[in-house]
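Chains, contacts and geometry: an overview
Listed below are the residues making up each chain.
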Amino acid sequence: MVETTGGGPQDGAAEVLDRPLPDGVRRKVVQIVADGFGGLTVAELPAQLRQYARFTPNRRAKFAGNAMAAALETDPLFRQRIGEKLRESQPELTGALDSGSPPPAADPLDVAAAAYVLRPPGWVKLVTAAGEEAQRADAERADEETRAELERMRAELDRAREHTRSETERLRAELDAAKKETDSLHRKLRSALADVKRGEAALRKLRGEMEAVRAEGQAQVSAAESETRRLKARLGETEAALEAARRAAREGRSVEDMRVRLLLDTVLDAAQGLRRELALPPVSVRPAETVDAVEPGRMTPKDIAARALSEDDPAVLDQLLALPQAHLVVDGYNVTKTGYPQMPLEKQRLRLLGQLAQLAAQTGAEVTCVFDGAELAAPVLLAPPRGVRVLFSKPGVTADELIRQLARAEPPGRPVIVVSTDREVADGVARAGARPVASAVLLKRLS
């Protein structure tokens, strides 16, 4: 509906649009303002649009569209200036509007937008007609799109129905196959459950047999470990004997040669001692010596009886050490812990070794002192005194076993005296042919 005020029927400025500007017309109007915007100075622009003066037309249309539409509606001077720019850019269209006969081939939206800006007489009808034409075009386009969409949806529905029928048939076939497979699986499951039960029974039986085998294996392992320890001890003895044989071979003689020579020296020294003991003359018997007579200095049975000594007399040890090629083997810690156990081990060793050195110097006997290496936290740095051999047992070997090895290493017939209070040691060395002596006897002799 068109309203007129004060200016007469030919004055288009008095006409008022009684409905919102159609969207298509509004977009065309904003584009016209954006295109004519750049031909105006900043002073010619409304205050609210001056901030967009440096924008490009497209950016103005994008960011200042609402502001430009509002300014065009409320500011007649700004609308007049935009109209002048429009007349310069589109003279044919604007001339036709001024004459009241818009070109029939022109776009209705362009005609309505130009009429909205120029406001010629009847511009409201042009804008309204353009809006209605645009709505009809949109409706027709929407209707065509709707019909096309409906046809497309019908085609898709037909395809979906056909697909559904084929899919249903396929699913029915698969369902039948699945039912058959399920029946087969049920039968297999029952068979598997039976197999599982039989397997569990067999497993329980195997566990029992395994426990029995494990117990038997543990017993065999224990026996094997015992045998291994025994064999290791024998192996240690063998290795020690082999090392001694190697040392003797390096020196140019075998162990047996050394034992025979040592035994020969022992026999010779014993013969010389026996000759001295029996007062045998250095030459052969003379005829005069066969005459029976009493000679001065000959021992009587009473004198011989007076020579008997008790087992704990230190003189017994002196007599034993006076034998030819005597070898004194001392159980070190057994002696020190019997005589002075309150002292630290280091001081015990030093005291005993100093006293044994004096004894070796006095008697000339071979002296070997054995200590247990298991009681040591670290190897002992020790310079043995003159005339005394100091030995420590290896890991896993006790001093008692090392003493028995030393006794077995000597040739039969050589005097070997072992000092130890340990009854097991004494019995072991006695079976090897050595003479055991209590530790107290040695302590008395050393003191």
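Scroll up a little and you will see the structure.
These lines cover the structure that appears in this document, whether it is placed above or below.

1. Looking at the overall build of the protein chain
Counting its secondary structure elements, the protein chain contains 15 helices and 5 strands. Out of the 447 residues belonging to the protein chain, those deemed buried represent 27%. Excluding contacts between residues fewer than 6 apart, the proportion of contacts in the protein chain whose partners are at least 24 apart in sequence is 60%. Entry remark: accessible area of the protein chain is about 29,600 Å², with carbon and sulfur atoms responsible for 56%.

2. Here's the deal with the sheet that holds strand β2 (residues 366–371)
Reading across the sheet, the 5 strands line up as β3-β2-β1-β4-β5 and stay open at both edges, with parallel pairing between neighbours. At either end of the open sheet lies a strand with only one pairing partner, and these are β3 (388–392) and β5 (435–437). Across this sheet, the average inter-strand angle for adjacent strands is 20°, counted without regard to direction. With 3 bridges joining them, strand β4 (residues 416–419) and β5 adopt parallel strand pairing. Each residue of the ladder has a partner; that of I417, found in β5, is R435. In the packing of helix α11 (residues 332–339) onto the sheet, the strands contacted are β1 (327–331), β2, β3 and β4, and the crossing angle to β1 comes to about 60°.

3. Regarding the packing of helix α10 (residues 314–321) against helix α15 (residues 439–446)
Contact pair α10 / α15: the axes reach a minimum separation of 8 Å and the direction vectors enclose 90°. Between α10 and α15, the crossing angle belongs to the class labelled roughly perpendicular. Residue-level contacts link P314, L317 and D318 of α10 to V441, L442, K444 and R445 of α15. The residue makeup of the contact of α10 with α15, split by class, is 4 nonpolar, no polar and 3 charged.

4. Quick look at the packing of aromatic side chains
Taken as a whole and assessed by the stated rule, the structure comprises 2 aromatic pairs. One residue, R59, lies across the ring of F55, its end atom 4.4 Å from the ring centre. Positioned above the aromatic ring of Y333, the side-chain terminus of K337 is 5.5 Å from the ring centre.

5. As for the nonpolar core
With 33 residues, the main nonpolar core has V29, M68, L72, F78 and I82 as its most contacted residues. Counting only elements with at least two residues in this core, the list comes to α1 (23–37), α3 (65–74), α4 (76–89), α5 (91–99), α6 (108–118) and α7 (123–250). Of the residues forming this core, the biggest block, 9 residues, is contributed by α6. In terms of nonpolar packing, the next biggest core, distinct from the first, is built from 29 residues, L321, A326, V367 and V437 among them.

6. Things to note about helix α14 (residues 423–431)
Within α14 the residues assigned to the buried category are V425, A426, G428 and V429. End-on, the buried residues of α14 take up no more than an arc of 165°, which puts them together on one face. Structural note: α14 exposes R423, E424 and R431 on the side pointing more than 90 degrees away from its buried face. Along its buried surface, α14 packs onto α13 (399–409), β4 and β5.

7. Topic: the pattern of salt bridges
Side-chain pairs of opposite charge can arise where the charged atoms are in close proximity. In total, this model carries 18 salt bridges according to the counting rule given. Residues R165 and E162 are paired through a salt bridge, measuring 2.2 Å at the closest nitrogen-oxygen approach. Residue R165 and its partner E162 are located together in helix α7, separated by 3 residues, close to a single helical turn. Its relative accessible area of 48% is what places R165 among the partly exposed residues. You can call E162 partly exposed: its relative accessible area is 44%. One salt bridge in this structure joins R170 and E167, with 1.9 Å as the shortest N-O distance. Remark: E167 and R170 occur in helix α7; sequence separation between them is 3 residues, near one turn of the helix. Members of the salt-bridge network, linked through shared partners, are E237, E401, R404 and R408.

8. Topic: the side chain of R349
Secondary-structure assignment places R349 in helix α12 (residues 345–363). For the buried R349, which has no salt bridge, the nearest side chain bearing the opposite charge is E346, at an N-O separation of 5.5 Å. Looking at R349, its side chain comes within polar contact range of the side chain of Y333, at 2.8 Å.

Conventions used here
All residue numbers here refer to positions counted from 1 along the written sequence of the relevant chain. Confidence filtering applies because this is a predicted model: local features only for residues at pLDDT of at least 70, side-chain atom pairs given and counted only at 80 or more, and all residues used for totals across whole chains, interfaces and linings. The side-chain figures draw on all heavy atoms in the structure; neither hydrogens nor water molecules are used. Where helices and strands are cited, they refer to DSSP runs of H or I of at least four residues and of E of at least two residues respectively, numbered from the N terminus. Per-residue accessibility, obtained with a 1.4 Å probe over protein chains only, is compared with the maximum for each type, and a residue is labelled buried under 20%, exposed over 50%, and partly exposed between these values. Residues are treated as being in contact if the distance between any of their heavy atoms lies within 4.5 Å. All accessibility values rest on the Shrake-Rupley procedure with a 1.4 Å probe; residue burial counts only the protein chains present in the view. Should DSSP find at least two bridges between two strands, the strands are regarded as paired. To get an axis, fit a line to the C-alpha atoms, keeping to the stretch in contact for a helix; angles then go from 0 to 180 degrees between the N-to-C directions. Oblique is the label for any angle not covered by the other classes, which are roughly parallel (under 35 degrees), roughly antiparallel (over 145) and roughly perpendicular (65 to 115). Asp, Glu, Lys and Arg are counted as charged, while Ala, Val, Leu, Ile, Met, Phe, Trp, Tyr, Cys and Pro are counted as nonpolar; the rest, among them Gly, fall into the polar class. Two rings from Phe, Tyr or Trp (for Trp, the six-membered ring) form a pair when their centres are within 6.5 Å of each other. A pair whose planes differ by under 30 degrees is stacked, one over 60 is edge-to-face, and the rest are tilted. Only Lys NZ and Arg CZ are tested; either one counts as a charge over a ring when it is within 6 Å of the ring centre and within 35 degrees of the ring normal. Side-chain atoms within 4.5 Å link the members of a nonpolar core, which is a set of buried Ala, Val, Leu, Ile, Met, Phe, Trp, Tyr and Cys residues. Arc, as used here, means the arc of the directions from the helix axis to the C-beta atoms. Whenever a carboxyl oxygen of Asp or Glu lies within 4 Å of a side-chain nitrogen of Lys or Arg, that contact is scored as a salt bridge. In this charge count, Lys and Arg are treated as positive and Asp and Glu as negative; neither His nor the chain ends contribute. Polar contact is defined as a pair of N or O atoms within 3.5 Å, subject to the rule that within protein one atom must be able to donate a hydrogen and the other to accept it, and that residues adjacent in sequence are counted only when both atoms are side-chain atoms.

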